[in-house]
Amino acid sequence: MLAQIIFAVCLGVAAFFIFKSIKRIYRNINLGKAFDPKGNTSERLKKMLLIAFGQKKMFDRPIPALLHLFIYVGFMIVNIEMLEIAIDGLFGTHRVFAPILGKAYPFVINVFEFFAVAVIIVCIVFLIRRNILKISRFHKPELTKWPLLDANLILTFEIVLMFAFLNMNATDLTLQEKGSEHYFATGNFFFSGLIKDLYNNASVTGLIIAERTYWWIHIIGVMIFANYLPYSKHLHILLAFPNTYFSNLDPAGKFKNMPIVTNEVKSMLGLPVENTEAVDPNAPMRFGAKDVQDLTWKNLLDAYTCTECGRCTSVCPANLTGKKLSPRKIMMDTRDRAEEIGTIIDTKGKFEDDGKSLYSDTYISKEELLACTSCNACVDACPVNINPLEIIIDLRRYMIMEESKAPNSWNAMFGNIENNQAPWKFSSNDRLNWKELL
Ligand code: SF4
Ligand code: SF4
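It should be emphasised that the depicted structure is a prediction, and the values quoted were computed from it without experimental measurement.

### A few points about the overall build of the protein chain
Part 1: Within the protein chain, the regular secondary structure consists of 19 helices and zero strands.
Part 2: Taken over the C-alpha atoms alone, the protein chain extends approximately 100 × 55 × 40 Å along its principal axes.
Part 3: With 438 residues in all, the protein chain has 30% of them scored as buried.
Part 4: Residue pairs at least 24 apart in sequence account for 78% of intrachain contacts in the protein chain once pairs closer than 6 positions are excluded.

Take a look at the structure:
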């Protein structure tokens, strides 16, 4: 009975803190401005199923994709076992589904065990890839300290959970063989059966203690994992679904015009001006984005969904040619700044200017913004449809239109576009002069 009470309390505490974290992340994402995802629900659902559930874009690189799939499917499937563990923990039963499923029970556990072994092997391979093999995208300046520790922690965590699960089954099998009361015959489990001989010399009491310890490690481990998730890049396990659902459906690379500028240009050209935006007279007028509150909530959802895989950075021409820009860092900085503002709100009750902003040397600098070629390669490469380019463009708009910090060569180009309708310094009247030479 005491164990049941402790279990129920642990479950309640874990659920309470998970709920608090969900509230915090929801509030932080909503620091962003409104975003109209525009209709077409079936196209969005299709995208979500293919990209988040089917992991379609991961298969651009088949071997890591296959390994990742093992972890993803394995982790989901093995955690179905949590249902039985939770019922046993709350009601004091033991393997409650065994009598219900009968002969199917060992088959189900064998499937779980197969994936548990696969998860252990893949996690070890991933640890080696990250820490020993010098894969360039895992060795960038933004991927040191906490981000590196976070990746290693979660892989180690998964190994410990799967190890506890297999050993819990192995000690259970040994107790069954020794005819211990309470540990009734369930049928053989293949993978834990291979290691059960390790426990042959243990006493029944020792085995019961070991089996209960592995049981508690597994369940408490999962509760800690669920609470750690909101602080980790592994939140993408959940957020990949809404993020792909709200993906941009416009043609790749199409920029979103600023209606106020579009209208200005149209009125200069004598074209009819569209009333595309209801303007709040009290809202501070700002071109582009200086801080996370100037971005949309979808940009912030992108930031919280980023897996820090670095696929975007590995195809970014600016990064490949040694520039400071890394689209992965753009997303990591955006999330860190949203978290920082969230902490201010938590401590002071509301946001008070802290003298910092996303566009700054602390987070995303002018040097990084100027390096972007707006080629869209990062957006195309992202396995969960994140758009770093949209954030770069918005920050760059602020930098140029509010702070007039464009390089001189860009200012000359802007002047040419304004006067000659082309980036070059020749008059548009001379544009067809080349015909004279034919
Ligand atoms: S759009 Fe910019 S950040 Fe993205 S890959 Fe191209 S240069 Fe890099
Ligand atoms: S933006 Fe996408 S591709 Fe880049 S690190 Fe994040 S998840 Fe990976």
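So much for the structure itself; the text now carries on.
### A short note on the packing of helix 15 (residues 327–348) against helix 18 (residues 388–401)
Part 1: Closest axis-to-axis distance for the helix 15/helix 18 pair is 9 Å, and the angle between their directions is 75 degrees. Classified by the angle their axes make, helix 15 and helix 18 are roughly perpendicular. Residue-level inspection shows Pro 327, Ile 330, Met 331 and Thr 334 of helix 15 in contact with helix 18, the latter providing Pro 388, Ile 391 and Ile 392.
Part 2: Among the residues making up the contact of helix 15 with helix 18, the classes are represented as six nonpolar, one polar and no charged.

### Comments concerning the site of ligand 2
Part 1: Close contacts around ligand 2 come from 15 residues, with Cys 306, Cys 309, Cys 312, Arg 328 and Cys 382 the closest.
Part 2: Looking at the shell around ligand 2, the elements that each hand over two or more residues are helix 13 (311–315) and helix 15.
Part 3: When the residues that make up the shell around ligand 2 are grouped by side-chain class, the tally is ten nonpolar, two polar and three charged.

### Quick word on helix 1 (residues 2–29)
Part 1: Between its first and last C-alpha, helix 1 extends 41 Å over 28 residues, near the 40 Å set by a 1.5 Å rise per residue.
Part 2: Taken together, the buried positions of helix 1 are Phe 7, Ile 25, Asn 28 and Ile 29.
Part 3: Looking at the buried side of helix 1, the elements it contacts are helix 4 (81–91), helix 12 (297–305) and helix 15.

### With respect to the environment of Ser 428
Part 1: Secondary-structure assignment places Ser 428 in the segment after helix 19 (408–420).
Part 2: Judged by the 12 C-beta atoms lying within 10 Å of it, Ser 428 falls in the exposed class.
Part 3: Taking the C-alpha atoms as reference points, Ser 428 and Asp 36, 392 residues apart in sequence, are found 38 Å from one another.

### Topic: the site of ligand 1
Part 1: Ligand 1 sits among 15 residues. The nearest are Cys 316, Cys 372, Cys 375, Ala 377 and Cys 378.
Part 2: Residue assignment for the shell around ligand 1 shows that the elements contributing at least two residues are helix 14 (317–320), helix 17 (377–381) and helix 18.
Part 3: Broken down by element, the shell around ligand 1 gets its largest block of residues, three residues, from helix 18.
Part 4: In terms of residue class, the shell around ligand 1 is built from twelve nonpolar, three polar and no charged.

### Some points on the nonpolar core
Part 1: Counting residues in hydrophobic clusters, the biggest one holds 42 residues, and the most contacted among them are Leu 300, Tyr 304, Ile 364, Cys 378, Ile 392 and Leu 395.
Part 2: Going through the elements one at a time, helix 1, helix 2 (41–53), helix 10 (236–245), helix 12, helix 15, helix 17 and helix 18 are the ones with two or more residues in this core.
Part 3: Tallying contributions element by element places helix 18 first for this core, with six residues.
Part 4: Setting aside its immediate chain neighbours within four residues, Ile 392 contacts Ile 330, Leu 369 and Cys 372.

### A word on helix 9 (residues 204–228)
Residues three or four positions apart in an α-helix share a direction because the helix packs 3.6 residues into each turn.
Part 1: With 25 residues, helix 9 ought to run about 36 Å at 1.5 Å a step, and its terminal C-alpha atoms sit 35 Å apart, in line with that.
Part 2: Of the residues making up helix 9, those classed as buried are Leu 207, Glu 211, Tyr 214, Trp 215, His 218, Ile 219 and Val 222.
Part 3: Close packing links the buried residues of helix 9 with helix 4 and helix 7 (145–177).

### Observations concerning unusual backbone geometry
Part 1: Located in the positive-phi region is His 182, a residue other than glycine, with phi close to 90 degrees.
Part 2: Structurally, the position occupied by His 182 is in the loop between helix 7 and helix 8 (190–195).
Part 3: Even without a glycine there, the phi angle at Ser 374 is positive, about 55 degrees.
Part 4: Of note, Ser 374 is situated in the loop between helix 16 (366–371) and helix 17.
Part 5: Take Ser 374: there are 11 C-beta atoms within 10 Å of it, and that puts it in the exposed class.

### Quick notes on the domain arrangement of the protein chain
Part 1: Under the domain assignment used here, the protein chain contains domain 1 (2–22 + 61–233) and domain 2 (259–270 + 277–420).
Part 2: Summarising the inter-unit geometry, the C-alpha centres of domain 1 and domain 2 are found 41 Å apart.
Part 3: Of the residues lining the interface, eight residues belong to domain 1; the matching set on domain 2 comes to ten residues.
Part 4: When grouped by side-chain class, the residues that make up the side of domain 1 that touches domain 2 number three nonpolar, one polar and four charged.

### As for the environment of Gln 421
Part 1: One can find Gln 421 in the segment after helix 19.
Part 2: By the C-beta count within 10 Å, which is 10 here, Gln 421 ends up exposed.
Part 3: Here the alpha-carbon distance between Gln 421 and Gly 12, two residues 409 residues apart in the chain, equals 65 Å.

Rules used throughout
- Residues numbered from 1 in each chain as written.
- Chains lettered and ligands numbered in written order.
- Predicted model: local features only at pLDDT ≥ 70, side-chain atom pairs only at ≥ 80, totals over all residues.
- Helix = DSSP H or I, 4+ residues; strand = E, 2+ residues; numbered from the N terminus.
- Buried ≥ 20, exposed ≤ 12 C-beta atoms within 10 Å, placed from the backbone.
- Contact = placed C-beta atoms within 7 Å.
- Axes fitted to C-alpha atoms, helices over the stretch in contact; angles between N-to-C directions.
- Parallel < 35°, antiparallel > 145°, perpendicular 65-115°, else oblique.
- Nonpolar A, V, L, I, M, F, W, Y, C, P; charged D, E, K, R; others polar.
- Near = placed C-beta within 6 Å.
- Expected span 1.5 Å × (residues − 1).
- Core = buried A, V, L, I, M, F, W, Y, C linked by C-beta atoms within 7 Å.
- Domains from an automatic or database assignment.

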